[in-house]
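Residue-level listing of the chains:
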Number of protein chains: 2
Amino acid sequence: MDILQKLKQLGEKIYNEFLKNGDPRIEFLTRGNIKTVEYDEEKDIIKLKEKQSVRRFFDVGETRRFTQTLLVAALAKELVESNKHASLREVYYQLKHTIPYINENTFDEQSESDSVIEDLERALRAIREQFGIVADRKGYLYGDITLKDRNRGDEWNCSKLGLGGWGIPSTIEEIDIVDVNADYVLVVEKDAMFERLIEERFPEKNRALLIATKGQPSRGTRRLIRKLRYEVGLPVYVFTDGDPWGFYIYSVIKRGSMNLAMFSEQLATPDAKFIGLTIDDVIKYDLKDVAIQLKPIDVKRVKELMEYPWFKNKEWQRQFNKMLKLNIKAEQDALAKHSLEFVANKYLPEKIEKGEFLP
Amino acid sequence: MDILQKLKQLGEKIYNEFLKNGDPRIEFLTRGNIKTVEYDEEKDIIKLKEKQSVRRFFDVGETRRFTQTLLVAALAKELVESNKHASLREVYYQLKHTIPYINENTFDEQSESDSVIEDLERALRAIREQFGIVADRKGYLYGDITLKDRNRGDEWNCSKLGLGGWGIPSTIEEIDIVDVNADYVLVVEKDAMFERLIEERFPEKNRALLIATKGQPSRGTRRLIRKLRYEVGLPVYVFTDGDPWGFYIYSVIKRGSMNLAMFSEQLATPDAKFIGLTIDDVIKYDLKDVAIQLKPIDVKRVKELMEYPWFKNKEWQRQFNKMLKLNIKAEQDALAKHSLEFVANKYLPEKIEKGEFLP
């Protein structure tokens, strides 16, 4: 069922319930958190346990939220019909007004509308990009890939944009992949590493597509990575810092996040592989003197990661234990210790050739 | 004198002083801060008062720093000669090592190398981009402009990249402007507004180039704005939130920042104009109900801005006073209150047609 139908169906259902018995309800999937999600080992993603909750208009504690959900749903329908997008912030400003007579605001803070938008996602079982609401953008793409924007008709190749690369927009739902000349996708955490690799002509020499996430990837970037894996069939290697935050960036790309667990199958790339930086690399590539001592917050985070079911395998536990034992972390930029070319000419080709990945 | 000559001259000077009297020195311009900068009213930029300080190798408090400066200068020479770039973080990792016998680290923290890089800028009177050291990237460009990367030979037009636009890299020193079909440059603070305007086809309908800064602009973005103003001759309009932080983004684009005051003439765009959001706009466009109450930190910041000599003119003081009196600020996204198209179809064209800018 397409998203417009889903939205209409929701409206009709509520309208009919009003007419029938005056007791309209909206059914939602439960919000994802450590208790409501589970690790699907076979699919290798984080999933939401199938649990529904109900919101009733005539529950006085829920009336406000119920009304807000309808306001957002109505705007979503407009956006889909007009083929437009609105940012979370624009949605807030579009819908914020004072209701006459009762003199109450529809929304007081943006956090309210943000969270209602999430409700609507969980009611429609559709990501907000499908109904035209988008979050901030982040991330860049570089390499020999030709893309087309279905709405605008633009077509371009991402290997002829200098060091700049293509700015990945907040939604890539309208982007078609026209042509790709590449053997794999390399996702890197930092934009400086992205520029380093372009400067070293790594994508051309290795037939690689490069994606910079700039920290935790935006939803648009995650969707793009997934598309390249499952629509084009390219292997995906993720290259982050060798610290718990870098490891978790990998985890989110690969298996999804807890609060978006319902959408792992739309956002995650389960067979992405981790190319580094591992703690083994720190030893192997003689980076111990440029490694950084763990702070208490790092130690705490490592211990949390160790408990996540999807990090329970031997290889990852080995890295975590080694990290704690040596009491170090290391950044991907630390490879510059050897030379600026080292990562492009030795580290990456060596690991790819030997298939030295973590699962 | 080109940057390679400057670097060689610095090296030769120190070498000769070693031979002559064993007392090598490096002369620096003083660091920019509220005491060492002045407002050049005629040029409308923030400038550094011409003051030098000297660092001596045989001053025991300065030996470490002196040596560090030479290490960075040597790497800078390599970068220039090989036509490469290194990030601040890469420089740190490249140069970090333990000196044999005395068992001392060249650098302990990245903050040390960052600050030595600034020293070198102030010693050579050259921005670090000229000697190949770059900071993080940020910002996007969209519109009918054809660019060429001199190093790589790539040539591309920035109006055929979908909503994505071109990712402005950390340095634009190698970028040539081949062709422009536009009447002005519109710089916007937020990437959601950037996407909004592209979606509304504002650039095409108004012959505008769009730049998103994503908050305070990166140095690469500031250089690009300046280039479009003074190499191409396009007027520059800056569109930020109507709050002290947005006003200061404008100030940095237009007049430079205090700590980089020495480089205002390379980084700033003195005749940029402010297109909004002003506090007058909040009234005129009926945005009071979507405005936000000032927090104590906003009030403090407004009062600071009011004291900066370059904000002392009547028009700006009027905005500041009105902001304090009404006790409100407003975001550029608030214009979505009227409709998603409002900013593209009414607000911007109206202000541009009437020339309603702040200086």
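What counts, and where the lines are drawn
Residues numbered from 1 in each chain as written. Chains lettered and ligands numbered in written order. Predicted model: local features only at pLDDT ≥ 70, side-chain atom pairs only at ≥ 80, totals over all residues. Heavy atoms only, no water. UniProt positions renumbered as here; feature names shortened; annotations may be inferred. Contact = heavy atoms within 4.5 Å. Buried area = accessible area lost by both parts, 1.4 Å probe. Salt bridge = Lys/Arg side-chain N within 4 Å of Asp/Glu carboxyl O. Polar contact = N/O pair within 3.5 Å; in protein donor to acceptor, adjacent residues only side chain to side chain. Helix = DSSP H or I, 4+ residues; strand = E, 2+ residues; numbered from the N terminus. Nonpolar A, V, L, I, M, F, W, Y, C, P; charged D, E, K, R; others polar. Phe/Tyr/Trp six-rings, centres within 6.5 Å; stacked < 30°, edge-to-face > 60°. Lys NZ or Arg CZ within 6 Å of the ring centre and 35° of its normal. Domains from an automatic or database assignment. Least-squares fit on C-alpha atoms with pLDDT ≥ 70 in both.

- Per an unreviewed UniProt entry, chain A is named Type 2 DNA topoisomerase 6 subunit A, and its organism is Nanoarchaeum equitans.
- As stated in UniProt under Function (unreviewed entry), the record for chain A gives "Relaxes both positive and negative superturns and exhibits a strong decatenase activity."

### Some thoughts on the interface of chain A and chain B
- The partner chain B presents 59 residues to the 59 residues of chain A that form the contact.
- Roughly 4900 Å² is buried in total at the junction of chain A and chain B, and carbon and sulfur atoms are behind 44% of that figure.
- The largest per-residue losses of area from chain A upon contact with chain B belong to Tyr93, Arg137 and Arg152 of chain A, which jointly make up 17% of the total buried on that side.
- Summed over the shared surface of chain A and chain B, the result is twelve salt bridges.
- At the surface where chain A touches chain B, the tally comes to 40 residue pairs in polar contact (both at pLDDT 80 or more).
- Elements represented by at least two residues in the side of chain A that touches chain B include exactly β5 (86-87), α3 (88-95), β9 (140-142), β11 (155-157), β12 (166-167) and α5 (191-199) of chain A.
- Partitioned by chemical class, the residues of the side of chain A that touches chain B number 19 nonpolar, 14 polar and 26 charged.

### Overview of the packing of aromatic side chains
- Evaluation of the coordinates by the stated rule reveals 47 aromatic pairs over all chains.
- Taking 4.9 Å as the distance between ring centres and 70° as the angle between the ring planes, the aromatic pair formed by phenylalanine 247 of chain A and tryptophan 316 of chain A counts as edge-to-face. One end of the pair, phenylalanine 247 of chain A, is in helix α8 (residues 244-255); the other, tryptophan 316 of chain A, is in helix α12 (residues 314-326), with 69 residues separating them in the sequence.
- What links up through ring pairs into an aromatic cluster is the set Phe247, Tyr250, Phe274, Phe311, Trp316 and Phe320 of chain A.
- For the cation-ring pair, arginine 137 of chain A lies above tyrosine 140 of chain B, with the distance from its terminal atom to the ring centre recorded as 4.1 Å.

### So, the domain arrangement of chain A
Residue and element names in this part refer to chain A.
- Split by domain assignment, chain A resolves into domain 1 (3-134) and domain 2 (139-354).
- For domain 1 versus domain 2, the distance between C-alpha centres works out to 32 Å.
- Between domain 1 and domain 2 lies a buried interface of about 2100 Å² when both sides are counted; carbon and sulfur atoms form 62% of it.
- Considering only the side of domain 1, the residues that lose the most area to domain 2 are Ile46, Ile127 and Glu129, jointly responsible for 30% of the buried surface there.
- Along the contact surface separating domain 1 from domain 2 lie five salt bridges.
- With its nearest N and O atoms 2.9 Å apart, the salt bridge here joins glutamate 121 to arginine 219.
- Where domain 1 touches domain 2, the interface holds nine residue pairs in polar contact (both at pLDDT 80 or more).
- Going through the elements one at a time, β2 (37-40), β3 (45-48) and α4 (110-124) are the ones with two or more residues in the side of domain 1 that touches domain 2.

### Focus on the relation of the copies chain A and chain B
- Superposing chain A onto chain B takes a rotation of 180° combined with a translation of 0.0 Å along the rotation axis, leaving an RMSD of 0.0 Å. Here the transformation between the copies is reduced to the relation of a two-fold axis.
- The share of interface residues of chain A whose copies in chain B are also at the interface is 100%, consistent with both copies meeting through the same surface.

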